[in-house]
Structures are given as C-alpha cells and as structure tokens.
Amino acid sequence: MNARVLLIVTSHARLGDTGQPTGFWLEELAAPYRAFVEAGADVDIASPQGGKPPADPKSAEDPSDAVRAFLEDERAKAKLSSTLRIDGIAGDHDAYFVVGGHGVMWDLAEDAATARLLGRAFDQGKVVAAVCHGPGALVNVRLASGEPLVKGRRVSAFSDEEEQAVGLAAVVPFALESRLRSLGARYERGPVWKPFAVRDGRLVTGQNPASSARVAQETLAALAEQEPRESVR
C-alpha cells in the first residue's frame, strides 16, 4: 500500500493534579505502527510540542510483542524521539491516527492545530482514526459545515465504565464517552478491556488498548476503499 499515515501522540506528561506521570500508551502506538509499516505505508509521528513525547510508564509494564518490536526498531525509535510538530504538518497524509493515553485529555482535546488538521483532513476525503482516549482529540473537531465530525457517526472510545474502573473518573477533565454522546455521536462499546472497533466510512475508532491492532486494520481497510489521489505515492 502506497499511503502516508500520520500517528498523533500527546505531549502531556502529568495526570491532572495527582502528581503522577502519564502520556501516550505504548501499545496504542506500537501495534498500529507495526500494522501500517507491514502494509507498506510510510508512517510519520507527530505531537503538539514536537520532539520526544512522554510514554505513560505503566504502558511499558509487561510489554506485548508489538511494543517489544517497536522498542527494538531503531527507525521507529528515531521517529518517536523527534516527532514532528502538529502545527507544522502540511496535511498531505492519507490517514491520521490519534494514539491514546490519558495525556490526550489535557492537550490534544484542546489543541486548535490538531482540530484544524483533522477537520480539514476529513473534509478532503482522508481517513481519521483514533483509539482509547485518542477520540478525545475529536471532541473539538468541526467540519467545514460547522458540525462536529462525530455528530451522527458511529464511534467508540474508552468507556465511562473503564474510566471508573481505573479510578480516574474524577481526575480526567471530562468523561469521554459522555462527551461524545453529547456531541451527537452514536457511541458503541464492547465488554470492558476487550477489543472493540467501529468503522463508519472514513472514521475509525476503538475502545481501549486491546483494540489498537483492530483499529489499525480497519484504518487500512478504509484506506483501501479510497479512490487513488495525487497525495498517495
């Protein structure tokens, strides 16, 4: 597949006022990266601040095969150590995939550059995907029509039940499932901690870290359905 994919990660490193570290979730970066590279895509990584983003230290515990492979891949690590700045992205990728992790709820959810990039991408017929807390980056995305990107569309994301289960419902700035519903999204979910992904045309979302690989595969399927464009090389 001759496509360009942009993985977007958070730059936020603190879990509210708790003093605990957070960031992006490694599985949610590593599994999609592996799937996209193996499919032949050209993959870039970007963040609001650029440079090396913070990984949630908990996500490095008991690493999956995908995480181990990513951490042993010198090219992948180099891209992660020097992520592109989102406000400098030209918008010529074919798919945009927002990696989860609680940090998203503080920066990407409020980042104007991210909202503009994703809204413009969707209006241009590109694929937009996100997993776990990644859909937090979609809550302020508006299309050219002025409507929320998620309005009327099937989406999934980290459930309010899962947020309660990890004890952070009172820490995060907002309840993600509830916010998506309030924007008119048709929220769907599976059992807690189990893989669950939804594809509604060019919008692909997943519920939790276990859903990462499935969201990547659905993103590839959405890309395969798109008509060839000049941006695809």
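Every chain is numbered on its own, with residues counted from 1 as its sequence reads. In view of the model being predicted, local features appear only for residues whose pLDDT reaches at least 70, and side-chain atom pairs are presented and counted only at 80 or more, with totals across whole chains, interfaces and linings using the full set of residues. Only hydrogens and water are removed before side-chain values are computed, so all heavy atoms of the structure are retained for them.

**Q** Hey, could you run me through the overall build of the protein chain in this one?
**A** Secondary structure follows DSSP: runs of H or I at least 4 residues long count as helices, runs of E at least 2 residues long count as strands, and numbering of each begins at the N terminus. Helices and strands together make up the secondary structure of the protein chain, namely 7 helices and 9 strands. Put simply, the radius of gyration uses C-alpha atoms, and a globule should come to 2.2 Å times the residue count raised to 0.38. Here the C-alpha radius of gyration of the protein chain, 16 Å, is about what a compact globule of 233 residues would show, namely 17 Å. Considered along the principal axes of its C-alpha atoms, the protein chain spans approximately 45 × 40 × 30 Å. Any residue under 20% of the maximum accessible area for its type is buried, any over 50% is exposed, and the rest in between are partly exposed; the area is computed with a 1.4 Å probe on protein chains only. In the protein chain, buried positions account for 52% of the 233 residues. The long-range share in the protein chain, meaning contacts at least 24 apart out of those at least 6 apart in sequence, stands at 78%. Averaging the locations of the 27 positively and 32 negatively charged side chains of the protein chain gives two centres separated by 3 Å. Contacts: residue pairs with any heavy atoms within 4.5 Å of one another. Charge counting treats Lys and Arg as positive and Asp and Glu as negative, with His and both chain ends excluded. Charge coordinates come from a single atom per side chain, which is NZ of Lys, CZ of Arg, CG of Asp or CD of Glu.

**Q** When you look at the pattern of salt bridges in this model, what are you seeing that I'm missing?
**A** Working definition: two side chains of opposite charge can pair if their charged atoms are close together. Only one rule defines a salt bridge in this text: a Lys or Arg side-chain nitrogen within 4 Å of an Asp or Glu carboxyl oxygen. The full count for this structure, using the stated rule, is 13 salt bridges. Between Glu147 and Lys151 there is a salt bridge; the shortest N-O distance is 3.1 Å. By relative accessible area, Glu147 is classed as partly exposed at 35%. Note that Glu177 and Arg181 form a salt bridge whose closest N and O atoms lie 3.1 Å from each other. Of the two residues, Glu177 and Arg181 are both situated in helix α6 (residues 176-182); the distance of 4 residues between them amounts to about one turn of the helix. The buried category is assigned to Glu177, whose relative accessible area is 11%. Connected through salt bridges with shared partners, the residues Arg4, Asp42, Asp44 and Asp92 form a single ionic network.

**Q** How should the pairing of strand β9 (residues 203-206) be read in this particular structure?
**A** Consecutive side chains of a regular strand alternate in pointing toward one face of the sheet and then the other. Taking every second residue as pointing to the same face, both faces of β9 are buried, with Leu203 and Thr205 on one and Val204 and Gly206 on the other. The criterion for strand pairing is that DSSP finds at least two bridges linking the strands in question. Sheet analysis places strand β8 (residues 197-200) next to β9, joined by 4 bridges and oriented antiparallel. Within β9, the residue paired with Ala197 across the bridge is Gly206.

**Q** I keep staring at the confidence of the model for the protein chain and nothing clicks. Help me out?
**A** Low-confidence regions, as indicated by low pLDDT, have predicted coordinates that should not be scrutinised in detail. Scored between 0 and 100, pLDDT is the confidence that the predictor attaches to each residue. On average, residues of the protein chain score 96 in pLDDT, and 97% of them are at 70 or above. Residue range residues 229-233 is modelled with pLDDT below 50. Its contacts to residues more than four positions away, or to other chains, number 12 contacts.

**Q** Before we go on, may I ask you to explain the environment of Ala109 in this structure?
**A** Take Ala109: it is sitting in the loop between β4 (95-98) and α4 (112-123). With a relative accessible area of 1%, Ala109 lands in the buried category. Sequence separation of Ala109 and Asn140 is 31 residues, and the distance between their C-alpha atoms is 6.8 Å. Leave out the neighbours within four places in its chain, and Ala109 touches Val104, Gly136, Ala137, Val139, Asn140 and Phe174.

**Q** Even after reading the chapter, I still don't get helix α7 (residues 212-225), so can you show me in this structure?
**A** Because an α-helix packs 3.6 residues into every turn, residues spaced three or four apart end up facing the same way. With 14 residues, α7 extends 20 Å between its outermost C-alpha atoms, agreeing within 8% with the 20 Å of an ideal straight helix rising 1.5 Å per residue. Along α7, the residues that are buried comprise Ser212, Val215, Ala216, Thr219, Leu220, Ala222 and Leu223. Summarising the axial view, the buried residues of α7 lie within an arc of 160°, below the 170-degree limit, and thus occupy one face. Of the residues in α7, the exposed ones pointing more than 90 degrees away from the buried face are Ala224 and Glu225. The elements touched by buried residues of α7 are β1 (4-8), α1 (26-38), β4, β5 (127-131), β8 and β9. Each helix should span, by expectation, one fewer than its residue count multiplied by 1.5 Å. What the arc describes is the spread of directions from the helix axis to the C-beta atoms.

**Q** Looking at this model, I keep getting lost on the sheet that holds strand β3 (residues 84-85). Mind explaining?
**A** Across a sheet, strands are paired by hydrogen bonds formed along the backbone, either parallel or antiparallel in direction. Spatial ordering of the open sheet is given by β3-β2-β1-β4-β5-β9-β8, a layout of 7 strands whose pairing is mixed. The open sheet has two free edges, formed respectively by β3 and β8, since each of these has just one partner strand. Here 2 bridges tie strand β2 (residues 42-47) to β3, and the two strands are oriented parallel to one another. Note that in β3 the partner of Ala46 across the bridge is Leu84. With axes taken as lines fitted to C-alpha atoms, and helix axes fitted only over the stretch in contact, angles between N-to-C directions fall between 0 and 180 degrees. Here α1 sits on the sheet and contacts β1, β2, β4 and β5; the angle it forms with β1, its principal contact strand, is near 175°.

**Q** Looking at this model, I keep getting lost on the nonpolar core. Mind explaining?
**A** The tendency in soluble globular proteins is for nonpolar side chains to be buried as a group. Among the nonpolar cores identified, the biggest contains 36 residues, and Ile8, Leu118, Val150 and Leu180 are the most heavily contacted of them. Listed by contribution, the elements that provide at least two residues to this core are β1, β4, α4, β5 and α6. Here this core gets 6 residues from one element, more than from any other, and that element is α4. Contacts of Ile8, omitting those with residues within four sequence positions, involve Ala46, Ile86, Phe97, Val98, Val99, Leu108, Leu117 and Leu118. Definition used in this section: a nonpolar core is a set of buried Ala, Val, Leu, Ile, Met, Phe, Trp, Tyr and Cys residues joined via side-chain atoms within 4.5 Å. Counting 34 residues, the second-largest nonpolar core is a separate cluster that includes Val9, Val99, Val131 and Val204.

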